[in-house]
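# Residue-level structure breakdown
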Amino acid sequence: KGNKRPRQSPDMDAIGRMRALADSPGGLLAASFIIGMLTRVAVLPFTYDYDIYHWAVVLQNINSGNGLYEMDGYYYTPVWGYILGFMDLVWNSFLSIDVYGTKVWELLGVQDFDGIKHVATVTSPEFNTAVKSMLILVDIAVGLVIRRLVTSLTGDNRKGDLGFALWFLCPLTIYMSSVQATFDNISGLLTLLSLILVLRRHHMLGGVLLMTGILLKLYPIFAAPVVLALIYSRSGTIRKTASDASAFIAGGLIAFLAIMGPSIADGTVSKAFTFITDRMGSGPLIDLAFGIVGIVLGLTIMLYATYRMAACGKERSDSEFLGLAMIALSGGVVSNMGPQYPLVVLPILCAYIAAKDGGFRICWVLIGCGCALEALALNNYSLLMSLASYGPVQFDTIISGLEWTEAEIVYGTSFRSIMNTVFSMVAMSGLFLIVLLYIREDIEKRMPKVGALLSRIRSGGDTDA
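What comes next concerns the included structure. Bear in mind that the values here come from a model prediction, so they are computed numbers and not experimental data.

### A look at helix α19 (residues 395–406)
- An ideal rise of 1.5 Å per residue puts 16 Å on 12 residues; α19 measures up with 17 Å between its terminal C-alpha atoms.
- Of the residues making up α19, those classed as buried are I398, I399, G401, L402, T405 and E406. All buried residues of α19 fall inside an arc of 165° around its axis, so they share one side. Of the exposed residues in α19, those oriented more than 90 degrees away from the buried face are D396 and W404.

### Some thoughts on the nonpolar core
- Counting residues in each nonpolar core, the largest one holds 121 residues, and the members touching the most others are W80, F127, F321, L349 and F360.
- The element best represented in this core is helix α5 (residues 125–154), accounting for 12 residues.
- If sequence neighbours within four positions are ignored, L349 has contacts with M326, F360, C363, W364, I367 and I434.
- Core analysis: the second largest hydrophobic core is formed by 13 residues, L107, A120, V393 and L402 among them.

### Some details on empty space enclosed by the protein
- One pass over the structure, following the stated rule, counts 1 cavity of 30 Å³ or more.
- By volume, the largest cavity is sized at about 50 Å³.
- Lining of the largest cavity is provided by T47, Y48, D49, I52, T121, V122, T123, N128, M385 and S386.
- Elements supplying a minimum of two residues to the lining of the largest cavity: α3 (49–63), β2 (121–123) and α18 (385–390).
- With 3 residues, β2 is the largest single contributor of residues to the lining of the largest cavity.
- Of the residues assigned to the lining of the largest cavity, the class counts are 4 nonpolar, 5 polar and 1 charged.

### A closer look at a nonpolar patch on the surface
- A cluster of nonpolar side chains, namely W404, I409, V410, Y411, F415, I418 and V422, defines an oily patch on the protein surface of about 730 Å² accessible area.
- Elements supplying a minimum of two residues to the nonpolar patch: β3 (408–410) and α20 (415–438).
- Take the nonpolar patch: its biggest share by element is 3 residues, from α20.
- Inspection of the secondary structure puts F415 in helix α20.

### A closer look at the packing of aromatic side chains
- For the coordinates displayed, the defined rule picks out 14 aromatic pairs.
- With 5.6 Å between their ring centres and 50° between their planes, Y69 and Y74 make a pair best called tilted. As far as burial versus exposure is concerned, Y69 and Y74 are alike and both buried.
- Ring centres of Y219 and Y341 lie 4.9 Å apart, and the angle between their planes is 35°; this geometry places the pair in the tilted category. Of this pair, Y219 sits in the loop between α9 (203–216) and α10 (224–235) while Y341 sits in the loop between α15 (317–335) and α16 (346–355), and the two are 122 residues apart along the sequence. Both residues of the pair, Y219 and Y341, count as buried.
- Pairwise contacts between aromatic rings join W55, Y69, Y74, Y76, W80 and F183 into one cluster.

What counts, and at which threshold
Per chain, the residues get numbers from 1 upward, laid out in the order the sequence is written. With the structure being a predicted model, the display of local features is reserved for residues of pLDDT at least 70 and the display and counting of side-chain atom pairs for 80 or more, all residues being used for whole-chain, interface and lining totals. Processing note: side-chain calculations cover all non-hydrogen atoms of the structure and skip hydrogens and water entirely. Helix and strand labels come from DSSP, where a helix needs a run of H or I of at least four residues and a strand needs a run of E of at least two; each type is numbered from the N terminus. The span one expects for a helix is its residue count, reduced by one, times 1.5 Å. Note on exposure labels: buried denotes an accessible area under 20% of the residue type's maximum, exposed denotes more than 50%, and partly exposed covers the range between, all computed with a 1.4 Å probe on protein chains only. Arc, as used here, means the arc of the directions from the helix axis to the C-beta atoms. Only buried residues count toward a nonpolar core. Its members are Ala, Val, Leu, Ile, Met, Phe, Trp, Tyr and Cys residues joined through side-chain atoms within 4.5 Å. By definition in these notes, contact holds between two residues if any of their heavy atoms fall within 4.5 Å. Using only the protein atoms, space was sampled on a 1 Å grid; points where a 1.4 Å probe fits but cannot get out form cavities, open sets with protein on both sides within 12 Å along at least five of seven lines form pockets, and lining residues are those with an atom within 4 Å of a point. Grid points are joined across faces, edges and corners, and a volume is the space filled by probe spheres set on the points. Each residue receives one of three labels: charged for Asp, Glu, Lys and Arg, nonpolar for Ala, Val, Leu, Ile, Met, Phe, Trp, Tyr, Cys and Pro, and polar for the others, Gly being one of them. Exposure above 30% relative accessible area and no salt bridge define the residues that can form patches, which grow by joining like charges within 9 Å and nonpolar side chains of Val, Leu, Ile, Met, Phe, Trp and Tyr within 5 Å. Where accessible areas are quoted, they stem from the Shrake-Rupley method and a 1.4 Å probe; at the residue level, only the protein chains shown are allowed to cover. By definition, a salt bridge exists where a carboxyl oxygen of Asp or Glu is found within 4 Å of a side-chain nitrogen of Lys or Arg. Stacked, edge-to-face and tilted are the three classes for Phe, Tyr and Trp ring pairs, Trp counted by its six-membered ring, which pair at centre distances within 6.5 Å; planes under 30 degrees apart are stacked, over 60 edge-to-face, the rest tilted.

Below, the structure is given as C-alpha cells:
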C-alpha cells in the first residue's frame, strides 16, 4: 500500500502530456497549435453581432447581382469585398449555407442603445463558422510566416516555434478571428509579408503587398516611410536609391490601380472611403481633441522611426529595419486606437520577441490582454445573441445585461465605457513601451533614472529569446 503512486486526475495527465510535448523537438509548435485551435473552437459560439452582420449583407448584395457599392452595406475599400466574394464562391462550390441570418424580434431592444451599435438581425451559426474558419486559416498563415522569418534570422527552429506560439496563443489574435470576426489579421499578414519582401530586396512585390494592406486597412501606410528610409540607408548611391524606391512605389501604384480601378471607372471612389469620411468631424469635442493628439503622436513616432532608419547606416540597416518598422506601425495604431487595430503590428512584435529581444514580452502582455479585454468589455452581453437565437440563452438575459452595462454610473459614464477606457489605456501603454524600450539606451544617457526604470521593466522578460 505504501508504494502506490497517488492517482492523478485526467486533467493533470493532459497538462503533463502537453508540457512533455512542448519540451520535445518541434513540440512547442505542435502544443501551441493544438491549444490555440481548441481555444478557438471553444469560443466559436460567441459572436459580436455588428461587424459580421455587415459581412452577411455584403454577400447577400453580391448574390443578388449587385456590385459592392450599388446597395447600402459595404463601407470599405474593395479589398475586403473581394475577399468576401471569393469566400462566397468557395461556399457556393463546396458548402450549402442557405440562411445567413434572421431578424430576431425579441432582440429589437438592442438597437436602442446609444453608446454602442447593435443589430437585431442575428447571423446563423453556419455563417459565423464559415467566416471565422477563413480568418482562423489566416491566423495559421501569419504564424507560419512568423516562424519562417524568425528561423531565417536566428537559425534556431525553437525560436521560430516561439514566434508562432506568441502569435497563435495571443488572446487578441484568438478573439478577433474567432469571436469578433474582423479582418485585421489579414492586414497584419500583408504588412509582414511586404516587409519581409523589402528586406530581401523584392521591392516591387513588397510595394504591391503593402499597398494592398493599406487599402484593406490604412495603418500599414505608417511603415511606408521606413521602407523608403531603408532603401536609402542601404543603397549607397543616389542611382541605386532611386531605382529601388521607384520599384517599390511602382508596385504600390500597380496595386492601387488594380484594386481601385473599377471604383474609379464607375464613380464610386467616395463610397470606398466612407469608413473614414463618416467619422470625420463627428463625436463630442473632447473626443475630437484626443483624436488630434493621437494623430500628432502617431506621426511623430513614425517620423522618428523614419529618421532613425535613414541614419543607421548601410551596415546596420537590415538588422534595425524590423524594429523601426514596428515602432512606426505602433505610432499608427496610437493615432486611432481600437481593440482590433494592433493586429497590424502584433506579428512583427512576436517575431521581434522571438528573434531579437525577449524583454519586449511585457508589451505583448499589455497589448494582447488589454485589447482582448477591451473588446470583451465593449461587446459584453451582445456576444450571447447567437446563443440566444439558436441555443439555450434567454433573450431577457441579453437585454437586461446590456441595460446594466450601459446604465449611467457617474457623469454620463457607464460600466462599459469605464472598462473600455481602462483596458484601452493598458493596451496603449504596451504600444508606447514598444517605442520606449527600443530607445531606452538613448533615454538612459539623458535621463538615467527613467532609463534604469525601463531596464527593470525590460528585465521582466528573458533577454535571450
